[in-house]
Structures are given as structure tokens and as C-alpha cells.
Amino acid sequence: MEILHNFIGGQWLPPGSGDYGESVNPARSTEVVARYPLSDRNDVNRAVAAAAESFPRWRRMPAPRRAEVLFRAAEILSRKKPELGRLVTLEMGKVLAEGLGDVQEAIDMAYFMAGEGRRLIGETVPCELPDKDGKSIRVPHGVAALITPWNFPVAIPSWKVFAALICGNTAVLKPSSDSPRCAVEFVRILEAAGLPPGVLNLVMGRGELAGDALAVHPNVALVSFTGSCAVGGELEAKLAPLHRPLAQEMGGKNAILIMEDADLELALHGVLWGGFGTTGQRCTAASRVIVHEAVHDRFLQMLVKAARALRLGDGLQSDTQVGPLINQRALNKALNYVRIGQEEGAKLQCGGGRAGGGELALGNFMEPTVFSEVKPSMRIAQEEIFGPLVAVMRCSSFEAGVDMVNSTRYGLSSAIYTRDVNRAARAEQELESGLVYVNASTIGAEIQLPFGGFRYSGSGHPEAGGRMGAIDFFSRIKVVYRDFSGRLQRAQIDIE
Ligand code: UN1
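Residues numbered from 1 in each chain as written. Predicted model: local features only at pLDDT ≥ 70, side-chain atom pairs only at ≥ 80, totals over all residues. Heavy atoms only, no water.

Looking at the packing of helix α2 (residues 63-92) against helix α3 (residues 96-116)
Packed helices, taken two at a time, are described by the angle between their axes plus the distance between the axes. Across the interface, α2 lies against α3 with an axial gap of 8 Å and an inter-helix angle of 175 degrees. Taken together, the axes of α2 and α3 are roughly antiparallel relative to one another. Looking at side-chain class alone, the contact of α2 with α3 contains 17 nonpolar, six polar and four charged residues. (Axes fitted to C-alpha atoms, helices over the stretch in contact; angles between N-to-C directions. Helix = DSSP H or I, 4+ residues; strand = E, 2+ residues; numbered from the N terminus. Parallel < 35°, antiparallel > 145°, perpendicular 65-115°, else oblique. Nonpolar A, V, L, I, M, F, W, Y, C, P; charged D, E, K, R; others polar.)

Remarks on unusual backbone geometry
Of note, T279 is a non-glycine position whose phi angle comes to about 55 degrees, a positive value. Considering the arrangement of structural elements, one finds T279 in the loop between α8 (264-276) and β14 (286-292). The phi dihedral of M468 falls on the positive side, at around 75 degrees, and the residue is not glycine. With respect to the helices and strands, the residue M468 is situated in the loop between β21 (463-464) and α14 (470-474).

Quick notes on the site of the ligand
The environment of the ligand is formed by E105, N151, F152, I156, W159, R282, C283, T284, I443, G444, A445 and F451. Between G444 and the ligand, the recorded distance is 3.0 Å, taken from a backbone N or O atom to an oxygen atom. In isolation the ligand exposes 320 Å². Once the protein is present, 98% of that is buried. When grouped by side-chain class, the residues that make up the shell around the ligand number seven nonpolar, three polar and two charged. (Near = heavy atom within 4 Å. Polar contact = N/O pair within 3.5 Å; in protein donor to acceptor, adjacent residues only side chain to side chain. Areas by Shrake-Rupley, 256 points an atom, 1.4 Å probe, with all protein chains shown as cover.)

Some remarks on the nonpolar core
What tends to happen in soluble globular proteins is that the nonpolar side chains get buried as a cluster. Ranked by internal contacts, the top residues of the largest apolar core, which has 97 residues, are M113, F162, I258, F299 and F474. A total of 12 residues in this core trace back to one element, the largest contributor, which is α2. Shared between two domains, this core takes at least three residues from each, and those domains are domain 1 (2-245 + 460-481) and domain 2 (254-438). If near-sequence neighbours (up to four positions away) are discounted, F474 is found in contact with P140, H141, A144, L146, K160, A163, A164, C167, N169, L222 and S224. Membership of the second largest hydrophobic core comes to 33 residues, among which are M378, I380, A381 and I416. (Core = buried A, V, L, I, M, F, W, Y, C linked by side-chain atoms within 4.5 Å. Buried < 20%, exposed > 50% of the residue type's maximum accessible area, 1.4 Å probe, protein only. Domains from an automatic or database assignment. Contact = heavy atoms within 4.5 Å.)

Some words on the environment of I3
Considering the arrangement of structural elements, one finds I3 in strand β1 (residues 2-3). Leave out the neighbours within four places in its chain, and I3 touches Y20 and R35.

A few points about the sheet that holds β1
In space, the three strands of this open sheet follow the order β1-β5-β4, with mixed pairing throughout. The open sheet has two free edges, formed respectively by β1 and β4 (20-25), since each of these has just one partner strand. With six bridges joining them, β4 and strand β5 (residues 28-37) adopt antiparallel strand pairing. Bridging from a neighbouring strand, S23 pairs with A34 of β5. Helix-sheet contacts for α2 involve β4 and β5, and the interaxial angle to β5 is about 110 degrees. (Pairing = 2+ DSSP bridges.)

Take it as geometry only, folks, not as evidence of what the structure does.
So, in C-alpha cells, the structure goes:
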């Protein structure tokens, strides 16, 4: 068991308070993975000061040079992928293949953002006046506050950190208290890659204390947050008077729409992967399945049979298909939704309980759960559960199905299974979510395109790559007009 320290100004330091919390293995709650600092305002102040101090030098370093650090980090991440993937599973619970995938996403992001160091594209345009030109350039904001969740404990820090740094910002990372050890390993890799001291700082601890103090700190220029809608909303209210850019990635209530002409076997794999992969703990998880009435009963039967057969267990065991929930609170929340679903009149088809036999009793395991006869207005069809619970609904047509998909306040990811190319194309237009999948599940976005949700799912500042992705948030546009005529030229006036 390791005692973790904050990383401030290039040094690993204990918290001023001397207090620590425990990160435990969700598959065996008695196993402490690490003790992490319960940082307070003073630790945060030190970290922000270190980031602010290192900003002028980092900002002036040419972006292709900054990129060299990211390339080296990508190489170290690749080398350490096996052990880091295991650590993800140990601390967060997802099965090992997914733990390795989490690290792979960080490797992809490191290479991608390193490449951006030679792009960071602006515009050059002709001016209306002679001997004058105009261009836009990207400049950093300053100190970025990065607040990350536990469900992608390496990947999501990488989305924010690499994008922030390549643009020339310095940063303070505040990871979830459920995955501090993964965050420390991630930061150690950047340290080993030769990142100058103070450019990235790490402060661990509770959101209410360390996270809040960081987000509202006067010397922080912008905030990027991934987490629940409730916390995102509170953050937005606290930041409103400060007029500081805030990117939020929040919840989802993502749906898979299965039409009567779909390949049902393929759709089944999509639902199992989207609904029960990562134990349903992705913001892109498929928690609703809307099936055309002509194939509804058949599909439901296939789904229930397959869900019952899923093997629960410690994610490090090679035959495990579904790991534990992150903590007792998450387990209680998901179990509570089983009760709510039953009270609302939905029909529990399988699962619904804590899985407690043998070794499983030590962890936060829940049986893969399927409800049928779910109505769009029910809470289990509207609220994010973040657990292995799939709500199956019935629709009578493509149009009715699309309306049902769109009938929540969220809008992160959605999917359609159909063999009709015209219908697939219409779905691309009609589904109101930031990500739309055709004949694929709601999860598994790749990093070279933007990632973000509509409505309550996000603030409209997508992360990751592509035009309009994270680079747009972590840089700001400065417009430069250069007049080399040697005389006063008045725009809009001296146009002859
Ligand atoms: C998340 O659930 O918070 O698209 C992120 C996916 C992953 C990222 C999910 N690449 O499912």
C-alpha cells in the first residue's frame, strides 16, 4: 500500500493538514490500494502559485517543443501500459481489457495532441485595405483547473492535461478521490517525460474542499470538469460571477434504438457492451434500449438470457465480464433504482440484487439488471443510474422510436441498429445527441473527433480532437492586424 503525495512545483509533497483518505479496491473493499492526501485550500494555493509561476516560460516555448514532452509521455505510457492497465482495474474495478483500453486512450491522446503542436491552426485573410494583413492566432489562457472522474482514471486526465499543455497553459489536476493512485502514476509519467516543474501540478482530496477551492481560485483562468450533472451545476453557479470559461462533460441517459429490420444478434452484442461494459459506469453507457414492437419480445428474450449468463467478478480474473461498482454508495444508488423501477410498474426481468456469493461478497457487485415495460416518463428512463441496469422500451415506428430516444434532458450518445440505409441517414439527422452511432453501441468514441454532449450532458465545449474539439477550449483566439502602409488607413472608410 502506497502513501501518495501531491505534486507541486515539481516536488512530491504531503498535504499541509497531514490528513489522508483511503482508496480501496472495489472488488475487495478490505484491500486498501493507496492512501491519498486530503488537501485543503493551502495546498491548492501552492499548486496554483506553482502553475502561475511556470506559465510565462511554458507559454513562450514553441508548441512543437512542448509537443516533444507529450511524444515522450506517449512512449512511456506505451511501455507501461500492462502495469498501468492492471492498476486501473485494481483501483477502479473495470475488467482488465478495459483497463488496458483506458491507458490506450491516453496513449492515443498523447500522440494526437503532440501532433497538434505542429498545427494549432489560425486563419490568415486578405484585408480590405492595401498593405495590411489580418490573422488569428491561438494563445493559451493561463492556469487551467482540471477536475476529473474515476470511471476513466487515466484516459480522462489525459484528454484534459494533454490538450491544456499543448496549447501552452499550465495546469492543476484534481482527480477523483476514488482513483488517486492512477492519477499519480499518470503524473509520474509526465515527470519522467521531462515536463518542466510547475507546468502540471496534482492536488488530491475531496471535491467540496480541494476541487471547489481550485475552481474558484482567483489565479485560475479556466476550468474543465467531467462528472455528475449535480456537481457540474453547482460549479457553474459558483463560477458565474467569475466569468471564467468552464467546460463540463456530465451525465447521459443514452439509448439504443433497434428497428424491426436490425441484425438482432449484432444489436444484442451492442446492448450488452453498452449496457454492462464498465458495469454501466460510462457517461456514454446504453441505459435505455428502445425496440420496435415487431421484434421486441424476441429481442427481450435474447437480452435477458445473455444478461443472466454474464460472469461477474474481479476484473483481474481473465474470465470476468462484469466488474464491481466503484463504491458502496454507487451500489446503493443503483439498487435503489431497482426499487424505484418496480414501484413505477416496470417489470424486472433479471438481476436487480446485490451479487454476494463467495468472493463477490467482499466487493460492490450487482447483478446485471434488465427492466421491460418501461415508459418514457418513468424515473428509470429519465435519470442517470451509472450502474448495470438497462431499461427496455417498446416503440411502434421509426418516428416514435426517435422521439423516445430524444425524450430525456440529456443528449450525449445514441445508437440505431437498422439495415435500411435511408433510415440510418435520417437517424443521423434526427437523434439529438453529441454522438450518434449506426449499427454500433453508444460507447467507444475515438479520440480524433470531438467528444461532447447536448443539453444537460455538456456545456457545448467538446473535448478530444477534430475541429471544434478541446483545442478550441484550451486556446483563445487573438486577432492581429498588421498595417505596413506607413499611413493612417481607416477600415470601412478609406476603401477607395
Ligand atoms: C465517459 O464515459 O466518461 O466513448 C467517457 C467512450 C469512451 C469514453 C467514455 N471512449 O465510451
